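Geometric and topological summary
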Amino acid sequence: MTVQDFFFRTPLIEEATELANRIGMQIEVGHDFRQFDRILQEAKGHEISMPFDPDLHKLNEYNAFWLVGRTEKGEVAHTQAVRLYDMSRITLGEYLEDNFRGFPPAGVPLNLEASRYRAGPGARRIRGRVCYHGEMWLDETAGEFRGKGASGILTRLGFLLTIEKLAPDYIFALMSRMVACKGLPQRAGFMHTEPGALSWKLADSDRAIEGFMAYMSMEDLRFLLRLPMEELVA
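Because the structure is a prediction, the values reported are computed rather than measured.

On to the packing of aromatic side chains. All told, the structure shown has 12 aromatic pairs when counted by the stated rule. Between Phe-103 and Tyr-132, the ring centres sit 5.0 Å apart and the planes meet at 75 degrees, which makes this aromatic pair edge-to-face. Pair noted here: Phe-103 is in the loop between helix H3 (92-99) and strand E4 (116-117) and Tyr-132 is in strand E5 (residues 128-138), with a separation of 29 residues, a long-range link. Judged on exposure class, the residue Phe-103 and its partner Tyr-132 are both buried. An aromatic cluster is built from Phe-33, Phe-36, Phe-52, Trp-66, Tyr-85, Tyr-95, Phe-103, Tyr-132 and Phe-172, whose rings are joined through pairwise contacts.

Right, dumping it as structure tokens:
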């Protein structure tokens, strides 16, 4: 992290937080994932996903954080979380080939042995400090957020905090094909996607949930974060 980078990012974090406040979203950021688990149960009625489970991983201010948005009434309306992985000696594709079962969709009974991951060309190039972006959820019915660019504002704030707190070389996310085809990667700002990356076989069924991987490099992030933030609200 350079001094110039620090002063480049800090005003943008303030601007993104102000935009979130302007659309009625109060932002809370933390590192206690037991607290985050309780917030998720309050908001979505399910337990935390495996990558952020404090019973499975040692998560702290140096390798992970969460972001929560609340309405003016204090209701949880948005969540996201980010975790850092050291992939200096292995590519993301190689890592996920052995460990993709540690990133299952929450609350879905799966046949993990019958599920599979297929690394695309981007995943086979990604290495270094790699952040996983997950627990992305926005309840547009909890406030008047629809049509106000809320998902773009909030994910951009998450990306800005990721750069400042964790200084990654890449950020990636996993999502179902249905969610990806509805435009979440574009609204969030991810500049690359790999279709067909995942196939989660449902338990006691021949059906599967097809998944995409979305990702960005630091170069992509710098380009994205220099775009006028007001355009996200327009």
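We are not done yet, so read on.
Pairing within the open sheet is mixed, and its 8 strands lie in the order E1-E2-E3-E5-E6-E8-E7-E4. Whereas interior strands pair on both sides, the edge strands pair on one side only; in this sheet they are strand E1 (26-30) and E4. In the sheet, E5 pairs with strand E6 (residues 170-176) via 3 bridges, with the strands oriented parallel. Bridging from a neighbouring strand, Cys-131 pairs with Ile-171 of E6.

Let us now look at the packing of helix H4 (residues 150-166) against helix H7 (residues 218-225). Direction vectors running N to C along H4 and H7 enclose 130 degrees, while the axes themselves pass 11 Å from each other. Taken together, the axes of H4 and H7 are oblique relative to one another. Crossing of H4 against H7: the hand is left-handed. On the side of H4, the interface is formed by Arg-156, Phe-159, Leu-160 and Ile-163, while H7 contributes Met-218, Leu-221, Leu-224 and Leu-225. Its residues assigned to classes, the contact of H4 with H7 comprises 7 nonpolar, no polar and 1 charged.

For residues other than glycine, phi is negative in most cases, and the peptide bonds are mostly trans. Positive phi values are uncommon outside glycine, yet Glu-135 reaches one of about 55 degrees. As for its placement among the helices and strands, Glu-135 is situated in strand E5. Judged by relative accessible area, which is 10%, Glu-135 ranks as buried. Positive phi, normally seen in glycine, also occurs at Asp-204, with a value near 55 degrees.

The next subject is the pairing of strand E7 (residues 192-201). Every regular strand shows the same layout, with side chains that alternate between the two sheet faces. Two elements, E4 and E7, share 2 bridges in a ladder whose sense is antiparallel. For Arg-116, the partnering residue across the bridge sits in E7 and is Ser-199. In the sheet, E7 pairs with strand E8 (residues 208-217) via 7 bridges, with the strands oriented antiparallel. Residue pairing in the sheet places Leu-198 in a bridge with Gly-211 of E8. Connecting E7 to the next strand, E8, in antiparallel fashion are 6 residues, including Asp-204 with a positive phi near 55 degrees.

It is worth spelling out H7 at this point. Those residues of H7 not exposed but buried are Met-218, Asp-220, Leu-221, Leu-224 and Leu-225. Projected down its long axis, H7 carries its buried residues within an arc of 150 degrees, all on one side.

Attention now goes to a nonpolar patch on the surface. A cluster of nonpolar side chains, namely Met-191, Phe-223 and Leu-227, defines an oily patch on the protein surface of about 270 Å² accessible area. Note on placement: Leu-227 falls in the segment after H7. Accessibility expressed as a relative area gives 34% for Leu-227, which makes it partly exposed.

Analysis parameters
- Residues numbered from 1 in each chain as written.
- Predicted model: local features only at pLDDT ≥ 70, side-chain atom pairs only at ≥ 80, totals over all residues.
- Heavy atoms only, no water.
- Phe/Tyr/Trp six-rings, centres within 6.5 Å; stacked < 30°, edge-to-face > 60°.
- Helix = DSSP H or I, 4+ residues; strand = E, 2+ residues; numbered from the N terminus.
- Buried < 20%, exposed > 50% of the residue type's maximum accessible area, 1.4 Å probe, protein only.
- Pairing = 2+ DSSP bridges.
- Axes fitted to C-alpha atoms, helices over the stretch in contact; angles between N-to-C directions.
- Parallel < 35°, antiparallel > 145°, perpendicular 65-115°, else oblique.
- Left-handed = near helix turned anticlockwise from the far one by under 90°.
- Contact = heavy atoms within 4.5 Å.
- Nonpolar A, V, L, I, M, F, W, Y, C, P; charged D, E, K, R; others polar.
- Arc of directions from axis to C-beta.
- Patch = residues over 30% accessible without salt bridge, like charges linked within 9 Å, V, L, I, M, F, W, Y side chains within 5 Å.
- Areas by Shrake-Rupley, 256 points an atom, 1.4 Å probe, with all protein chains shown as cover.
- Salt bridge = Lys/Arg side-chain N within 4 Å of Asp/Glu carboxyl O.

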